[in-house]
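These are the residues of each chain, in order.
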Amino acid sequence: MKKRIFAAAMALCLLAGTSAFAQDSKKVPMTKERPTAEQMAKGRTERMAEKLNLNETQSKQLYEINLQDIKDMQKQAEQMRANRKAQAEKMKGILTPEQFEQWKQMQDPPGMNRGPQDEGRQRP
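About the thresholds
- Residues numbered from 1 in each chain as written.
- Predicted model: local features only at pLDDT ≥ 70, side-chain atom pairs only at ≥ 80, totals over all residues.
- Heavy atoms only, no water.
- Core = buried A, V, L, I, M, F, W, Y, C linked by side-chain atoms within 4.5 Å.
- Buried < 20%, exposed > 50% of the residue type's maximum accessible area, 1.4 Å probe, protein only.
- Contact = heavy atoms within 4.5 Å.
- Helix = DSSP H or I, 4+ residues; strand = E, 2+ residues; numbered from the N terminus.
- pLDDT = per-residue confidence, 0-100.
- Expected span 1.5 Å × (residues − 1).

S.K.: Tell me about the nonpolar core, residues and numbers included.
M.R.: Counting residues in each nonpolar core, the largest one holds five residues, listed as Ala 37, Met 40, Ala 41, Leu 67 and Ile 70. The residues contacting Ala 41, other than those within four sequence positions of it, are Tyr 63, Asn 66, Leu 67 and Ile 70.

Structure representation (structure tokens):
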């Protein structure tokens, strides 16, 4: 009798436990906006100031350097996107539609994280 009660209690716990971890089928779209170059430079500067124990003058100078660096990286990223788009247009003119689809899949191999990244980090 005790074994049956214990087994029933365990089954109930397992059912309750697994339903607690069930995911809701509705996915909430991400509404988080990307930080601006100024926000990224400020965050980077604050982290460096804390770790390196910078004074106010150093922090201001470093902020300007970080801001310019981030803006340069954003320009490079935009140029790379434009280059990839131009390359895709050229490939579309050369390849058949099936080959082009295959080529597109080759450009983004599975497992490559090409989506937005946390903490405002840019893709290399």
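S.K.: So what about unusual backbone geometry? Which residues, and what values?
M.R.: Residue Asn 53 is not a glycine yet carries a positive backbone phi of 55 degrees. On the secondary structure map, Asn 53 appears in the loop between α2 (37-52) and α3 (56-94). The exposure class of Asn 53 is exposed, given its relative accessible area of 67%.

S.K.: An account of the side chain of Ser 59 is requested, with residue identities and associated values reported.
M.R.: On the secondary structure map, Ser 59 appears in helix α3. In this structure Ser 59 comes out as buried when scored by relative accessible area, which is 14%. Once you skip the residues sitting within four places of it in the chain, Ser 59 turns out to touch Thr 45, Ala 49 and Leu 54.

S.K.: Pulling in residues and values, what's your account of the confidence of the model for the protein?
M.R.: On average, residues of the protein carry a pLDDT of 80, and 65% of them reach 70 or more. Counted against residues more than four places away or in other chains, residues 118-124, with its pLDDT under 50, gives nine contacts.

S.K.: So what's going on with α2? Which residues, and what values?
M.R.: With 16 residues, α2 should reach 22 Å at 1.5 Å per residue; the first-to-last C-alpha distance of 22 Å fits that figure. The set of residues buried in α2 consists of Ala 37, Met 40, Ala 41, Gly 43, Thr 45 and Ala 49. Asn 53 occupies a position one or two residues after α2 and carries a positive phi of about 55 degrees.

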